[in-house]
Amino acid sequence: MGIISTYGELKTAITDYYPRGGLAAFQSNLPTFVRAAHDEIMRSLRIPLLQASADLTINAERIAAPSGFRAVARLHLDNNPRDPLSPTSVENRMLLAGQYEAGTPRWFAIEGGDAGEMLAFAPVPAATQTGKLLYWRSIDFFANDAATNLILTRWPFLYLRGALAEAYRFDQFDTEATTQEALFRDLLASIDADSRSDALMGGVALPRASGGVV
């Protein structure tokens, strides 16, 4: 097996690792195995590489979430001082929207929509507000064999183990599937833990008497 840095090289590595990799049926299903690994990686990883920020124009009860949105990490209004918005359930958000007159939003919930996730607010905004959103995002699946992404570049074996687990499940090789799934989950947990540790390398902000930090 050579270096894994692209989708094409990943598929070659999976073929080399898998005992039935040369069969036509395996090759036809190979993109599905990789896609299963990709979707689980996008669902499970919570690392800085998968964070993005966006400015939101909050001018209605519901607005579209950004492209690639998975979950909110932080949301506040761009006021001075900043006004953080609190997450709540869809049902509670609807109750709050009915209980309060239109004004400055204080809560938000994630709702479904025809075009994807929507951010819904309570109270309903009485005037346009700018929201500052930090969110967990998904990276698009590989478009072609030359495609890559930051996760594959840094942790190629994460994709490899996830795809192998799916391939063994497909062929009903339960023991091998369990082994590869355990390796995949252990690597996911390790990457998450290392990322949290790296995020704290700068030390802890200490409060000043004035309310600032040092």
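In case you missed it, the structure is sitting above this.
A. View of the packing of helix α2 (residues 24-44) against helix α5 (residues 156-170). Direction vectors running N to C along α2 and α5 enclose 125°, while the axes themselves pass 8 Å from each other. Considering the angle they form, α2 stands oblique to α5. Crossing of α2 against α5: the hand is right-handed. Of the residues in α5, those in contact with F26, N29, F33, V34, A36, A37, H38, I41 and M42 of α2 are L158, Y159, G162, A163, E166, A167 and F170. Classifying every residue of the contact of α2 with α5 by side-chain character gives 12 nonpolar, 3 polar and 1 charged.

B. Seen up close, the nonpolar core. With 32 residues, the main nonpolar core has I14, V34, L45, I151 and Y159 as its most contacted residues. Of all the secondary structure elements, the ones that give two or more residues to this core are α1 (7-17), α2, α4 (150-154), α5 and α6 (174-199). Setting aside residues no more than four positions away along its own chain, Y159 makes contact with L10, V34, A37, H38, I41, M42, F142, N149, I151 and L152. Grouped together as the second largest cluster of nonpolar side chains are 15 residues, I63, A65, L77 and L119 included.

C. Focus on the sheet that holds strand β2 (residues 62-64). Here 4 strands make up an open sheet; going across it, the order is β2-β7-β6-β5 and the pairing mixed. In this open sheet, the two edge strands, each paired with only one partner strand, are β2 and β5 (86-87). Bridge count between strand β6 (residues 107-111) and strand β7 (residues 118-122): 5 bridges; the pairing is antiparallel. Bridged to A109 within β7 is A120.

D. The arrangement of unusual backbone geometry in detail. Of note, the bond from A122 into P123 is cis; its omega dihedral lies within 30 degrees of zero at -10°. Position of P123 among the secondary structure elements: in the loop between β7 and β8 (129-137). In this structure, Q172 is a non-glycine residue whose phi angle is positive, near 60°. Its location among the elements puts Q172 in the loop between α5 and α6. In this structure Q172 comes out as exposed when scored by relative accessible area, which is 65%.

E. Molecular detail of α5. Its 15 residues place the ends of α5 21 Å apart at the C-alpha level, agreeing with the 21 Å of an ideal helix rising 1.5 Å per residue. For α5, the buried fraction is high: 11 of the 15 residues fall into the buried class. For α5, every residue scored as buried is listed here: P156, L158, Y159, L160, R161, G162, A163, L164, A165, A167 and Y168. Just past α5, the residue Q172 takes up positive phi, approximately 60°.

Reading guide: rules and limits
Residues numbered from 1 in each chain as written. Predicted model: local features only at pLDDT ≥ 70, side-chain atom pairs only at ≥ 80, totals over all residues. Heavy atoms only, no water. Axes fitted to C-alpha atoms, helices over the stretch in contact; angles between N-to-C directions. Helix = DSSP H or I, 4+ residues; strand = E, 2+ residues; numbered from the N terminus. Parallel < 35°, antiparallel > 145°, perpendicular 65-115°, else oblique. Left-handed = near helix turned anticlockwise from the far one by under 90°. Contact = heavy atoms within 4.5 Å. Nonpolar A, V, L, I, M, F, W, Y, C, P; charged D, E, K, R; others polar. Core = buried A, V, L, I, M, F, W, Y, C linked by side-chain atoms within 4.5 Å. Buried < 20%, exposed > 50% of the residue type's maximum accessible area, 1.4 Å probe, protein only. Pairing = 2+ DSSP bridges. Expected span 1.5 Å × (residues − 1).

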